[in-house]
Amino acid sequence: MASFAFSLNGKPVRVEAEPDAPLLWVVREHLKLTGTKFGCGIAQCGACTVHVDGQPIRSCITPIGSVKGKRITTIEGLSANGSHPLQKAWIAEEVPQCGYCQSGQIMSAAALLSAKPKPSDADIDAAMSGNICRCGTYQRIRRAIHRAAGNRAQGGAK
């Protein structure tokens, strides 16, 4: 066991964990933030996506030892009350069906919009290609990202 200090959703935290413990389980089990989901455990589905220093990563394979001193943002850190433009757009476009993958989808979309505030369809498709939605709401996801970006003319047919 070792002690790890980092910023979680803008607040300093310190946890005791094995250095190779996945960030996902530290966030969920030690810090009790359950918005980040476990999907596949091999970084293929994207349900566990969080930001480390502003970059989207798969928390299921990221050891806690690698994030010491870094800034971690989970879905809970986007906004305290669901007011983030992506969260509002997700609701407006009725994106979720089962909803399981949505926190990872939103975190990937937030990283995209941070890097490209006005993404094209191709930008969205490239950025979101690593996130799997079993319900197949990809067109809604694209529309929601365009809505959050203020791109009203794109986003596919409804």
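One structure accompanies this document, and this report is about it. Since the model is a prediction, treat every value here as computed from it, not as a measurement.

### Side note on the overall build of the protein chain
Next, step 1: On a plain count of helices and strands, the protein chain comes out with 6 helices and 5 strands.
Next, step 2: Its helices and strands in sequence order give the protein chain the pattern β-β-α-β-β-β-α-α-α-α-α, from N to C terminus.
Next, step 3: For 158 residues, the compact-globule estimate of 2.2 N^0.38 gives 15 Å, and the C-alpha radius of gyration of the protein chain, at 16 Å, lies within 12% of that figure.
Next, step 4: Referenced to the eigenvectors of the C-alpha coordinate spread, the extents of the protein chain come out at roughly 50 × 25 × 25 Å.
Next, step 5: Every one of the 158 residues in the protein chain was classed for burial, and the buried ones make up 44%.

### Thoughts on the environment of Pro-119
Next, step 1: Turning to its location among the elements, Pro-119 is positioned in the loop between α4 (102-115) and α5 (121-128).
Next, step 2: Placed 11 residues apart in sequence, Pro-119 and Gly-130 show a C-alpha to C-alpha distance of 17 Å.

### A closer look at helix α6 (residues 138-149)
Next, step 1: The terminal C-alpha atoms of α6 lie 17 Å apart, and with 12 residues this matches the ideal 16 Å at 1.5 Å per residue to within 8%.
Next, step 2: Among all positions in α6, only Ile-141, Arg-142, Arg-143, Ala-144, Ile-145, His-146 and Ala-149 are buried.
Next, step 3: On its buried face, α6 is in contact with α3 (85-92), α4 and α5.
Next, step 4: Where α6 ends, the next residue or the one after it, Gly-150, has phi of about 80°, a positive value.

### Details of the layout of surface pockets
Next, step 1: Its boundaries defined by the atoms lining it, the largest pocket holds a volume of some 150 Å³.
Next, step 2: If you go around the largest pocket, the residues you meet are Gly-39, Cys-45, Gly-46, Ala-47, Cys-98, Tyr-100, Cys-101, Ile-132, Cys-133, Arg-134 and Cys-135.
Next, step 3: Its residues assigned to classes, the lining of the largest pocket shows 8 nonpolar, 2 polar and 1 charged.

### Things to note about the pairing of strand β4 (residues 55-58)
Next, step 1: Inspection of the sheet shows strand β3 (residues 49-52) paired to β4 by 4 bridges, in the antiparallel sense. For Val-52, the partnering residue across the bridge sits in β4 and is Gln-55.
Next, step 2: Linkage of β3 to β4, two consecutive antiparallel strands, is achieved through a turn of 2 residues, within which Asp-53 is found at a positive phi near 50°.

### A look at the nonpolar core
Next, step 1: Of all hydrophobic cores here, the largest spans 18 residues; its most connected members are Leu-86, Trp-90 and Ile-145.
Next, step 2: The set of elements that each furnish at least two residues to this core consists of α2 (75-78), α3, α4, α5 and α6.
Next, step 3: Ignoring sequence-local partners within four residues, the contact set of Leu-86 consists of Ile-106, Ala-109, Ala-110, Leu-113, Ala-144, Ile-145 and Ala-148.
Next, step 4: Formed by 15 residues, the second largest nonpolar core is a distinct cluster that contains Phe-4, Phe-6, Val-13 and Ala-21.

### Quick word on the packing of α3 against α6
Next, step 1: α6 packs onto α3 with a crossing angle of 135° between their chain directions and a minimal axis gap of 8 Å. When the axis of α3 is compared with that of α6, the two are oblique. Considering the relative orientation of α3 and α6, their crossing is right-handed. Residues Pro-85, Leu-86, Ala-89, Trp-90 and Ala-92 of α3 form the contact with α6, whose participating residues are Ile-141, Ala-144, Ile-145, Arg-147 and Ala-148.
Next, step 2: The residue inventory of the contact of α3 with α6, partitioned by class, reads 9 nonpolar, no polar and 1 charged.

Rules used in this analysis
Residues numbered from 1 in each chain as written. Predicted model: local features only at pLDDT ≥ 70, side-chain atom pairs only at ≥ 80, totals over all residues. Heavy atoms only, no water. Helix = DSSP H or I, 4+ residues; strand = E, 2+ residues; numbered from the N terminus. Rg over C-alpha atoms; globule rule 2.2 N^0.38 Å. Buried < 20%, exposed > 50% of the residue type's maximum accessible area, 1.4 Å probe, protein only. Expected span 1.5 Å × (residues − 1). Contact = heavy atoms within 4.5 Å. 1 Å grid on protein atoms, 1.4 Å probe; cavity = no way out; pocket = protein on both sides within 12 Å on 5 of 7 lines; lining within 4 Å. Points joined across faces, edges and corners; volume = space filled by probe spheres on them. Nonpolar A, V, L, I, M, F, W, Y, C, P; charged D, E, K, R; others polar. Pairing = 2+ DSSP bridges. Core = buried A, V, L, I, M, F, W, Y, C linked by side-chain atoms within 4.5 Å. Axes fitted to C-alpha atoms, helices over the stretch in contact; angles between N-to-C directions. Parallel < 35°, antiparallel > 145°, perpendicular 65-115°, else oblique. Left-handed = near helix turned anticlockwise from the far one by under 90°.

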